Amino acid sequence: MTRDEIILKVSEKLRLIRTEAGYTQDKMAEIIGVSKKTLVQIEKGRVLANWSTVVAICALFRETETVQFLFGNEPLEVLETVAREGIDYRKMKTLGGRIWWRVISKKSGYILQQNILSKHFRILDEKNYRIFSSFDEKLSKQRFKELTKSE
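Structural notes, computed from the coordinates. (Residues numbered from 1 in each chain as written. Predicted model: local features only at pLDDT ≥ 70, side-chain atom pairs only at ≥ 80, totals over all residues. Heavy atoms only, no water.)

A word on helix α6 (residues 75-83)
Counting buried residues in α6 gives seven out of nine residues, a clear majority hidden from the surface. Inspection of α6 places P75, E77, V78, L79, E80, T81 and V82 among the buried residues, and these make up the whole buried set. The elements touched by buried residues of α6 are α1 (3-21), α4 (51-60), α5 (65-71), β1 (101-107), β3 (121-124) and β4 (130-134). (Buried < 20%, exposed > 50% of the residue type's maximum accessible area, 1.4 Å probe, protein only. Helix = DSSP H or I, 4+ residues; strand = E, 2+ residues; numbered from the N terminus. Contact = heavy atoms within 4.5 Å.)

Looking at the pattern of salt bridges
Pairing between side chains of opposite charge can happen when their charged atoms approach one another. Evaluated as defined, the whole model comprises nine salt bridges. Of the charged contacts, one joins R130 and E77 as a salt bridge, the two residues approaching to 3.2 Å between their closest N and O atoms. Taken together, the positions of R130 in strand β4 and E77 in helix α6 put the pair 53 residues apart, joining distant regions of the chain. The pair R130 / E77 is uniform in exposure class, with both members buried. Linked by salt bridges that have partners in common, E77, E80, R122 and R130 make up one network. (Salt bridge = Lys/Arg side-chain N within 4 Å of Asp/Glu carboxyl O.)

Quick notes on the sheet that holds β1
Judged by pairing direction, the sheet is antiparallel, and its four strands sit side by side in the order β1-β2-β3-β4 without closing on themselves. Looking at the sheet topology across the chains shown, the edges are occupied by β1 and β4. Ignoring strand direction, the axes of neighbouring strands in this sheet form an average angle of 20°. In this sheet, β3 lies alongside strand β2 (residues 110-115) in antiparallel orientation, the contact comprising four bridges. Bridge pairing in β3 links Q114 to F121. Sitting on the sheet, α6 touches β1, β3 and β4, and the angle it makes with β4 is about 60°. (Pairing = 2+ DSSP bridges. Axes fitted to C-alpha atoms, helices over the stretch in contact; angles between N-to-C directions.)

Right, dumping it as structure tokens:
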């Protein structure tokens, strides 16, 4: 998934996200920091939201069914992975991927998973901390192999 694909998906679903959250166009525009005119243009498909607006929408409305359907239960992880072009450091505790994740491999306490919606990969340690995330399958498998090699 690329930045442009995320922008398109969120722009296309903005009206649905707004109505699911129960906001008027005026209130939604105020919350995400755009003018009402811009919000209307996005909702009508005349323009796309910019990256900052998409990040704000996903952060502020990450619990909505629509955002969860687009990116799984951790939309900010998807955005962070795209923005940083992968993550390779201990970041945050996860729920271990019981929902939205497919286990690719398990070894020595590490788990390589793929998100079933966004298709990005991540590696969790034995305590379910995300230590790596990328959309690059080859790089993810290589990093998993490096982590489990000496074990």
